[in-house]
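# Structural overview for review
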Amino acid sequence: MLSTAFTETFGVRHPIVQGGMQWVGRAELVAAVANAGALGMITALTQPTPEDLAGEIARTRELTDQPFGVNLTILPAITPPPYEEYRQVIIDSGVKIVETAGSSPAPHLPDFHAAGVKVLHKCTSVRHAVKAQDLGVDGISIDGFECAGHPGEDDVPGLVLIAAAAEQITIPMIASGGFGDGRGLVAALALGADGINMGTRFMCTEESPIHRTVKEAIVAAKETDTELIFRPLRNTARVASNTVSREVVEILSRGGQFEDVRELVAGARGRLVYENGDPEAGIWSVGTVQGIIHDIPTAGELVERIVADAESLISERLAGLLNPVHA
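Per-chain numbering applies: the sequence of each chain, read as written, is numbered from 1 onward. Reporting of local features is limited, given that this is a predicted model, to residues whose pLDDT is at least 70; pairs of side-chain atoms are given and counted only at 80 or more, and all residues count toward the totals for whole chains, interfaces and linings. Where side-chain values are given, they derive from all heavy atoms of the structure, hydrogens and water being excluded.

## Examining the overall build of the protein
Applied cut-off: A run of DSSP states H or I qualifies as a helix once it reaches four residues; a run of E qualifies as a strand once it reaches two. Both are numbered from the N-terminal end. For a compact globule the rule gives 2.2 Å times the number of residues to the power 0.38, and the radius of gyration it is set against comes from C-alpha atoms. Partly exposed residues are those whose accessible area sits between 20% and 50% of the maximum for their type, while under 20% is buried and over 50% is exposed, using a 1.4 Å probe and protein chains only. With residues, only the protein chains shown are counted as cover, and all accessible areas are computed by Shrake-Rupley using a 1.4 Å probe. Residues counted as positive are Lys and Arg, residues counted as negative are Asp and Glu, and His and the chain ends are not counted. By convention, the charge on Lys lies at NZ, on Arg at CZ, on Asp at CG and on Glu at CD.
A count of helices and strands for the protein gives 14 helices and ten strands. Over its C-alpha trace the protein gives a radius of gyration of 19 Å, about what one expects of a compact globule, namely 20 Å for 327 residues. Projected onto its principal axes, the C-alpha coordinates of the protein cover approximately 70 × 45 × 35 Å. When the 327 residues of the protein are sorted by exposure, 52% land in the buried category. When the accessible surface of the protein is summed, it comes to about 14,100 Å², and 53% of that surface belongs to carbon and sulfur atoms. When the 25 positive and 42 negative side-chain charges of the protein are each reduced to one mean point, those points stand 2 Å apart.

Laid out in structure tokens, this is it:
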């Protein structure tokens, strides 16, 4: 058993998190991850209303008696979701772990902490991680350039970002972006993290609520099969490389604006990818870690394998490199 500051603070058996993923963080996957001893996250805004979120939390509780959390991603919008209502549902439902992402968690921390909720905040830079730590969050998730979704604009890969963050972060920290196996977990621990966060790898499990064709596309893909869209708009997102994402990159590289690609990147189209199983139907998030994903196990099998491989690496291969010095 790998015990770290993260497992002790957040009350889970294994230092592995299934981070919030739009359309993917639903009860079946979250409960399977929780039952395996890792930390699963319901994605709050996948649920169309706060009432629906309450129902999804209740459904998850029917499937597991282990700890799980809720991801609340806070982003600027012309018509923002009712974040305060989602926050209140999380509190009223008795969930004790929240993953915040996007904007600063400051407006939400007093209410969460008053209710005994621990807050894990996702950042893409050391400066934002330090600021969140200063605000009083309970843990940091540091997101390297390899990740799916929004990697920030600094383009710093995890090998450097995690180590740099570890020099300044004193609260539990998990590493995100590019993690999918026991080797990654050991590497993250060696760099100074207390665990790993995985999105793409958990997408590719039996309990993941996306079409099997999409899971098979992830298995077949290489680490180079992603696109960085919205770069010229300073809102970079890493997504699967397909005809739609390549068209978006081309339009924006010619000086196009968001309005020119709005229909191509519509969230409804991306959702249809997961529901109908056509990887070419729209924009969908996936990380470079797909290059080391070769199967579709159950979430339980995946967690067990990662922990066992990590323990074996630490106690056997790495320990074996420590040759005694002979006089």
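The discussion continues.
## Examining a nonpolar patch on the surface
Heads up, the rule is: Patch criteria: residues need more than 30% relative accessible area and no salt bridge. Like-charged residues are merged within 9 Å; nonpolar side chains of Val, Leu, Ile, Met, Phe, Trp and Tyr are merged within 5 Å. One speaks of a salt bridge when a side-chain nitrogen belonging to Lys or Arg is within 4 Å of a carboxyl oxygen belonging to Asp or Glu.
Together, Ile-314, Leu-318 and Leu-321 line one region of the surface with nonpolar side chains, adding up to about 260 Å² of accessible area. Note that Leu-321 resides in the segment after helix H14 (299–320). Classification of Leu-321 as exposed rests on a relative accessible area of 59%.

## Some words on the side chain of Lys-122
Short version of the rule: By the convention used here, residues are in contact when the closest approach between their heavy atoms is within 4.5 Å.
With respect to the secondary-structure elements, Lys-122 resides in strand S5 (residues 118–123). Apart from residues no more than four positions distant in its own chain, Lys-122 is found in contact with Glu-99, Thr-100, Ala-101, Ser-141, Asp-143, Ser-176 and Asn-197.

## Comments concerning the packing of aromatic side chains
The following threshold applies: Pairing of aromatic side chains here covers Phe, Tyr and the six-membered ring of Trp, requires ring centres within 6.5 Å, and sorts the geometry by plane angle: under 30 degrees stacked, over 60 edge-to-face, intermediate tilted. In this analysis the charged atom, NZ for Lys or CZ for Arg, is taken to sit over a ring once it is within 6 Å of the ring centre and within 35 degrees of the ring normal.
Taken as a whole and assessed by the stated rule, the structure comprises three aromatic pairs. Relative to Trp-284, the ring of Tyr-274 has its centre 6.4 Å away and its plane inclined at 75°; by these criteria the two rings are edge-to-face. Of this pair, Tyr-274 sits in helix H13 (residues 267–276) while Trp-284 sits in the loop between H13 and H14, and the two are ten residues apart along the sequence. Exposure remark for Trp-284: the relative accessible area of 5% places this residue in the buried category. Here the guanidinium or amino end of Arg-238 rests over the ring plane of Phe-145, the centre of that ring lying 4.9 Å away.

## Describing the side chain of His-121
With respect to the helices and strands, the residue His-121 is situated in strand S5. Those residues in contact with His-121 that lie beyond four places of it in its chain are Thr-100, Ala-101, Ser-103, Pro-105, Ala-132, Val-137, Gly-139, Ile-140 and Ser-141.

## Details of the sheet that holds strand S8 (residues 196–198)
What counts is decided by this rule: Two strands make a pair as long as DSSP finds a minimum of two bridges between them. Structural elements are reduced to axes, namely lines fitted to C-alpha atoms, with helices fitted over the stretch in contact, and the angle between N-to-C directions of any two is expressed from 0 to 180 degrees.
Taken together, the eight strands give a closed barrel; going around it, the order is S1-S2-S3-S4-S5-S6-S7-S8, and neighbouring strands pair in parallel fashion. Across this sheet, the average inter-strand angle for adjacent strands is 25°, counted without regard to direction. The pairing of strand S1 (residues 16–18) with strand S2 (residues 39–43) spans two bridges and is parallel. Within S2, the residue paired with Val-17 across the bridge is Leu-39.

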